[in-house]
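Each chain is listed here by its residues.
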Amino acid sequence: MKITLIIPCFNESGILSKTICTLEQIMHEVADYSLLFVDDGSTDDSWELLTKAGQQNPKISAIRLSRNYGKEAALCAGLEQAEGDAVIILDSDLQHPPELIPEMINLWKQGYDVVEGVKKSRGKESLFSKLSAKIFYGLFKKFSGNSLDNASDFKLLDRKVVLAWRQFKERDTFFRGLSAWMGFKRIVIPFVVQDREGGESKWSFRKLLRLSISAITGFSAKPLLIVPLLTFILSIFFLVLAVQTLINWCSGRAVEGFTTVILLVLLIGSAIMISLSMIALYIANIFNEIKGRPRYLVSEQLNLPDKEQ
Ligand code: UDP
Ligand code: MG
């Protein structure tokens, strides 16, 4: 039985050597393994480090993407290449504690198809990112019905889950959400997020916002219902106002009311803008998907059989 570890990395040269050493040590004692690194368009010398490591240890393989496509695409690249009977996905910065890997493998051997690392605590994080995460997971749960509280990408997947994953045709994937959607026999394993051992977080606010929007619009069309909902609420409001205006007119008190007009214009204006924005987000999503472009392009491979794309 072979385990493939999928490790996405983007400009992680500061920590890669330590990560490789730690993983080699742990995996050496546990099972037959391979480490599959996905270099997500690093601009530092991460690829050179991986090449050197791959020459020393043939169990280390790597894919180099042609530019930075983002962690989600990097995970897709790994999942499409991984050969093992089970795969484990973990970050390259050792924030996902590799010491838990043997326990994950044991649970898999007991018959679980998905072993999910769930954050016991979110580690050192700013109040802003804690709050943003809370809002995002709240909205995601409301719209998609899947609760991802404290979920992470640190997961073990049985080969059959990986094969099922490969059937997903969508371009904009959200690994955490999709793996919850897939079901299978699963179990959670709590872990404490470690401090980053080197380098810094590669997620900018812009990247996170884009991921959140594509995760929600990719999972549920419910936000679109805001359009008929606003229409309904405003119709009732306008009906009441129309009756009142008519009564005023009939009783000869119809001139004043400039403030009402301004407020009404603002109200209708914002309702239209909100509705259009919702529709625009979905059209953008459809546009991105319909082009059918590949999720990523590979520029180099290391210790991997050539695969027809
Ligand atoms: N990562 C990636 N592509 C990106 C951003 C991040 O492959 O565009 C990788 C990164 O190298 C790391 C993992 O995704 O292995 C998690 O990223 P990071 O540690 O920066 O995120 P955080 O832990 O701050 O959420
Ligand atoms: Mg990290």
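This report concerns the structure included in the present document. Nothing here was measured: the structure is a model prediction, and the numbers come from that model. The numbers attached to residues start from 1 for each chain and follow its sequence in the written order. Chain letters start at A and ligand numbers start at 1, both assigned in the order the entries are written. Per-residue local features are limited, in this predicted model, to residues with pLDDT of at least 70; the limit for side-chain atom pairs, both in listing and counting, is 80 or more; totals at the level of whole chains, interfaces and linings are taken over all residues. Hydrogens are left out, water is left out, and the side-chain values use all remaining heavy atoms of the structure.

### Description of the packing of helix α5 (residues 127–144) against helix α8 (residues 205–219)
Filter applied, for reference: Working convention: axes come from line fits to C-alpha atoms, limited for helices to the stretch in contact. Angles between N-to-C directions cover 0 to 180 degrees. Secondary structure is summarised from DSSP: a helix means a run of H or I of at least four residues, a strand means a run of E of at least two, and numbering begins at the N terminus for each. Here is the rule for angles: anything less than 35 degrees is roughly parallel, anything more than 145 is roughly antiparallel, 65 through 115 is roughly perpendicular, and the remaining ranges are oblique. What makes two residues a contact is simply this: any of their non-hydrogen atoms within 4.5 Å. Polarity classes work like this: nonpolar for Ala, Val, Leu, Ile, Met, Phe, Trp, Tyr, Cys and Pro, charged for Asp, Glu, Lys and Arg, and polar for all others, with Gly in that last group.
Where α5 meets α8, the axes come as close as 9 Å, and the angle between the chain directions of the two elements is 10°. The pairing of α5 with α8 is recorded here as roughly parallel in orientation. When α5 is examined against α8, the residues Phe128, Phe136, Leu139, Phe140, Phe143 and Ser144 are found in contact with a partner set consisting of Phe205, Ser212, Ala215, Ile216 and Phe219. Grouping the amino acids of the contact of α5 with α8 by side-chain chemistry returns nine nonpolar, two polar and no charged.

### Comments concerning the site of ligand 1
Where we set the bar: Consider each residue's heavy atoms; a residue with any of them within 4 Å of a molecule or strand counts as near. By the criterion applied in these results, polar contacts are pairs of N or O atoms within 3.5 Å in which, for protein atoms, one can donate a hydrogen and the other can accept it, and in which residues neighboring in sequence qualify only through two side-chain atoms. Computed with the Shrake-Rupley method and a 1.4 Å probe, the accessible areas treat only the protein chains shown as cover for residues.
Contacts to ligand 1 come from 17 residues, most closely from Glu12, Asp40, Asp93, Ser201 and Lys202. Between ligand 1 and Glu12 there is a distance of 2.6 Å, counted from an oxygen atom to a side-chain nitrogen or oxygen. Within the side chain of Asp40, one N or O atom sits 2.6 Å away from a nitrogen atom of ligand 1. In isolation ligand 1 offers 530 Å² of accessible surface; the protein chains occlude 87% of this area.

### Some points on the state of the cysteines
Operational definition: The disulfide criterion used throughout: a pair of cysteine sulfur atoms within 2.5 Å. Residue exposure (1.4 Å probe, protein chains only): buried if accessible area is under 20% of the type maximum, exposed if over 50%, otherwise partly exposed.
Under the counting rule described, the total for this entry stands at zero disulfides. Cysteine Cys76 shares no disulfide, and the gap to the nearest cysteine sulfur, in Cys9, comes to 16 Å. Judged by its relative accessible area of 1%, Cys76 is buried.

### What to know about a nonpolar patch on the surface
So the rule is basically this: Think of a patch as exposed residues, more than 30% relative accessible area, with no salt bridge, where like charges cluster within 9 Å and nonpolar side chains (Val, Leu, Ile, Met, Phe, Trp, Tyr) cluster within 5 Å. The salt bridge criterion pairs a side-chain nitrogen of Lys or Arg with a carboxyl oxygen of Asp or Glu, the two atoms within 4 Å.
On the surface, a cluster of nonpolar side chains totalling about 590 Å² of accessible area is made up of Phe237, Leu267, Ile268, Ile272, Leu276, Ile279 and Ile283. The element best represented in the nonpolar patch is helix α10 (residues 258–290), accounting for six residues. By the element assignment, Ile268 lies in helix α10.

### Quick word on the packing of helix α1 (residues 13–30) against helix α4 (residues 101–109)
The condition is simple: Put simply, a crossing is left-handed when the front helix is turned counterclockwise from the back one by less than a right angle, and right-handed when it is turned clockwise.
Following both chains from N to C, one finds α1 and α4 inclined at 35°, their axes separated by 10 Å at the closest point. The two elements α1 and α4 meet at a crossing, and its hand is right-handed. Seen from α1, the contacting residues are Leu23, Ile26, Met27 and Val30; seen from α4, they are Ile101, Pro102 and Ile105. Tallied by class, the residues present in the contact of α1 with α4 amount to seven nonpolar, no polar and no charged.

### Quick look at the pairing of strand β1 (residues 2–9)
Definition in use: In short, DSSP must find at least two bridges between two strands for them to pair. Orient the strands so they point away from the viewer, and a crossover whose first-strand-to-second-strand path over the helix runs clockwise is right-handed.
With respect to burial, β1 is a largely interior element, seven of its eight residues being buried. As paired elements, β1 and strand β2 (residues 32–39) share eight bridges and run parallel to each other. Its bridge partner being in β2, Ile6 is matched across the sheet by Leu36. The handedness of the β1 to β2 crossover, carried by α1, is right-handed.

Keep in mind these numbers describe shape, not what the thing actually does.
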